[in-house]
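As a plain string of letters, each chain reads:
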Amino acid sequence: MEYSIPLLNLKKQYQNLKNDIDSAIFNVINTTSFIKGEDVKKFEEAFAQYLNASHCIGVANGTDALILTMKALGIGPGDEVITVPNTFIATVEAIIAVGATPVLVDIDYTTYTMDPDTIQDAITEKTAAIIPVHLYGMPCDMEPIMRIAKENDLYLLCDGAQAHGALYNGESLVRFCDAITYSFYPGKNLGAYGDAGAIVTNHNELAAKLRLIADHGRTDKYSHSIYGINSRLDTIQAAVLNAKLPHLDKWNSRRREIANIYNQGLKDIPGLISPGTPSYATPVWHVYVIRTQKRNQLQEFLKENGIQTGIHYPIPIPDQAAAVDLIIKCDHDLLSNTAQELLSLPMCPEMTDDMVKTVVDKIQMFYS
Ligand SMILES: *Cc1c(COP(=O)(O)O)cnc(C)c1O
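So, here's what we can say about the structure. Computed from a prediction, not measured in an experiment: that's the story for all the values here.

Moving on, we get to the overall build of the chain. Along its length, the chain carries 11 helices and 16 strands. Counting only C-alpha atoms, the chain reaches 70 × 55 × 40 Å along its principal axes. Looking at the chain as a whole, 56% of its 368 residues are labelled buried. Considering only contacts within the chain whose residues lie at least 6 apart along the sequence, 72% involve residues at least 24 apart. For the chain, the accessible surface area stands at approximately 16,200 Å², while carbon and sulfur atoms represent 49% of it. Placing the 30 positive and 43 negative side-chain charges of the chain at their respective mean positions leaves the two points 6 Å apart.

See below:
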């Protein structure tokens, strides 16, 4: 079905940047530099600079970014890794993929990010790392999480797949962890035209190890110092990302404007909870998630009015058919119940004010 107000609008974004993106892609084809071409290095440098970080290592996707980082840190069988139960499956999948055990702790139900107060109780002598997820583009409360990681001598990785450009107390999120991973899945705030990902870190040794592992442990074309894997950032994807990165701040600002219109328009509706923004956070609103007990009816009503919505995520990790080998420390019932109430409203920089106001009007109409 064609929605008059879609959840996101990648076609519109392409139309706006068509010349830049077409020439970026054709340049890679013309130079046949498909693997490890100029654009890869250029993007890694530009993205590291954008995030005020020393290193960016381009990889094949955001899931590999998590897996490779844990491998590089020596996290594996026998280790426990603390993360949250409300995330895209990749965060937990990556922990399983390295042979470690995911430990799921509670979230704060205004920001939907890791609740720092619940971490300490989940730490055992097997705990190796904490992976907070900057979900929905909302930065986690990093200072208390950093303190706990430090006191317990744990690695602190962040899943930043939904938070390109988000800030904590005005500063880049890289500063608050050992490494942060990104996905450039097409629908993300900074999206490629296929799969792509990156790891960003200020640690020289970790960066060097990651570069080795992501490219066959290669020190030279046919010299391999360790066994690695093939998880490189494709040159065509890097070229697309280079064309888009200069627009990211403008897009994120526009997302904040849209979030403000939603916040204002929805704040007085009884039974509808809009997302909270703590004072430390400069979020980038990958999605704008409201909570209501009438979720399914509201979703249906908006659909009838040409408005597309989403649910992030309809099935929490502990309720997935795949859920085995997990240690569940979170309030499972609260989580499952909340998942029934979440609804993501249309959110993309290409939305006009009128479109946002239409969504607000329709929601107000639904409740009146
Ligand atoms: C998109 C996403 C990933 C996975 O990224 P891929 O590039 O699709 O592998 C990981 N974590 C979160 C929170 C995501 O949203």
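In the vicinity of the ligand there are 15 residues, among which Gly62, Thr63, Asp159, Ser183 and Lys188 approach most closely. Here Gln162 contributes a side-chain N or O atom positioned 2.8 Å from an oxygen atom of the ligand. Here the ligand has 380 Å² of accessible area as a free molecule, and 92% of this is covered by the chains. Listing elements by their share of the shell around the ligand, those giving two or more residues are α3 (62-72) and α4 (90-97).

Interaxial distance between α3 and helix α6 (residues 204-214) falls to 9 Å at its minimum, and their mutual angle equals 120 degrees. Looking at the two axes, α3 sits oblique to α6. In this structure, α3 meets α6 at a crossing whose hand is right-handed. Seen from α3, the contacting residues are Leu68, Thr69, Lys71 and Ala72; seen from α6, they are Leu206, Lys209, Leu210, Ile213 and Ala214.

This brings us to the pairing of strand β16 (residues 342-345). Side chains Leu342 and Ser344 of β16 all project onto a buried face; the interleaved residues Leu343 and Leu345 project onto the opposite face, where all are buried too. Relative to β16, strand β14 (residues 288-292) runs antiparallel, the two sharing 4 bridges. Bridging from a neighbouring strand, Tyr288 pairs with Leu345 of β16.

Before going further, it helps to examine the sheet that holds β16. The strand order across the open sheet formed by 3 strands is β12-β14-β16, and the pairing between neighbours is antiparallel. The open sheet has two edge strands with one neighbour each: β12 (272-273) and β16. Contacts from helix α9 (residues 295-304) reach β14 and β16 within the one sheet, and its direction differs from that of β16 by about 25 degrees.

Here the focus is the state of the cysteines. A complete count under the given rule lists 0 disulfides for this structure. Cysteine Cys158 is unpaired, with the sulfur of Cys177 as its nearest cysteine sulfur at 4.1 Å.

Definitions and limits used
Residues numbered from 1 in each chain as written. Predicted model: local features only at pLDDT ≥ 70, side-chain atom pairs only at ≥ 80, totals over all residues. Heavy atoms only, no water. Helix = DSSP H or I, 4+ residues; strand = E, 2+ residues; numbered from the N terminus. Buried < 20%, exposed > 50% of the residue type's maximum accessible area, 1.4 Å probe, protein only. Contact = heavy atoms within 4.5 Å. Areas by Shrake-Rupley, 256 points an atom, 1.4 Å probe, with all protein chains shown as cover. Lys, Arg positive; Asp, Glu negative; His and termini not counted. Charge placed at Lys NZ, Arg CZ, Asp CG, Glu CD. Near = heavy atom within 4 Å. Polar contact = N/O pair within 3.5 Å; in protein donor to acceptor, adjacent residues only side chain to side chain. Axes fitted to C-alpha atoms, helices over the stretch in contact; angles between N-to-C directions. Parallel < 35°, antiparallel > 145°, perpendicular 65-115°, else oblique. Left-handed = near helix turned anticlockwise from the far one by under 90°. Pairing = 2+ DSSP bridges. Disulfide = S-S within 2.5 Å.

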